[in-house]
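Per-entry structural report
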Amino acid sequence: QTEAFDEKQQLFDMMFQKLGDKCKELLQWSFTLKTMEEVAEKLNVTYGYVRKKKSLCVGQLTQWIQEANSINR
């Protein structure tokens, strides 16, 4: 169980590093701050931009992870 978790964590970390700097920064702030409003304020952008950009970044990350999983099966 722990080994499977470690493999998933490594895959996530590897795919996360492939993201652009803006995506990484936005996602890192969204992991640590309580609200998307706070993230927007921290990055000095609008709430709407943060929501849209986060959706795109998470979508890209998810796609890469799913592709990696399908290759490794």
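Notes on the structure follow. (Residues numbered from 1 in each chain as written. Predicted model: local features only at pLDDT ≥ 70, side-chain atom pairs only at ≥ 80, totals over all residues. Heavy atoms only, no water.)

Remarks on helix 3 (residues 36-43)
- All buried positions along helix 3 are accounted for by Met 36, Val 39 and Ala 40. All buried residues of helix 3 project into a common sector of 100° when viewed along the axis, lining one side. Counted as exposed and oriented over 90 degrees from the buried face of helix 3: Glu 41 and Lys 42.
- Check the buried side of helix 3 and you find it contacts helix 2 (21-32) and helix 4 (47-71). (Buried < 20%, exposed > 50% of the residue type's maximum accessible area, 1.4 Å probe, protein only. Helix = DSSP H or I, 4+ residues; strand = E, 2+ residues; numbered from the N terminus. Arc of directions from axis to C-beta. Contact = heavy atoms within 4.5 Å.)

Considerations on helix 2
- Counted at 1.5 Å a residue, the expected span for helix 2 with its 12 residues is 16 Å, and the 17 Å between its end C-alpha atoms agrees.
- Among the residues of helix 2, those classed as buried are Cys 23, Lys 24, Leu 26, Leu 27 and Ser 30. Taken end-on, helix 2 shows its buried residues confined to a sector of 170°, consistent with a single buried face. Summarising the geometry of helix 2, the exposed residues directed more than 90 degrees from the buried face are Asp 21, Lys 22 and Thr 32.
- Elements in contact with the buried residues of helix 2: helix 1 (2-18), helix 3 and helix 4. (Expected span 1.5 Å × (residues − 1).)

Observations concerning the side chain of Ser 30
- Of note, Ser 30 is situated in helix 2.
- Those residues in contact with Ser 30, other than ones at most four positions away along the chain, are Met 36, Val 39 and Lys 54.

Examining the packing of aromatic side chains
- In this structure the tally under the stated criterion is two aromatic pairs.
- Pairing Phe 16 with Phe 31 gives two aromatic rings, centres 6.5 Å apart and planes at 35°, and the pair type is tilted. Here Phe 16, found in helix 1, pairs with Phe 31, found in helix 2; they are 15 residues apart in sequence, far enough to count as distant.
- An aromatic cluster is defined as three or more aromatic residues linked by ring pairs; in this entry it consists of Phe 12, Phe 16 and Phe 31.
- It is Lys 18 that lies over the ring of Trp 64; its NZ or CZ is 4.4 Å from the centre. (Phe/Tyr/Trp six-rings, centres within 6.5 Å; stacked < 30°, edge-to-face > 60°. Lys NZ or Arg CZ within 6 Å of the ring centre and 35° of its normal.)

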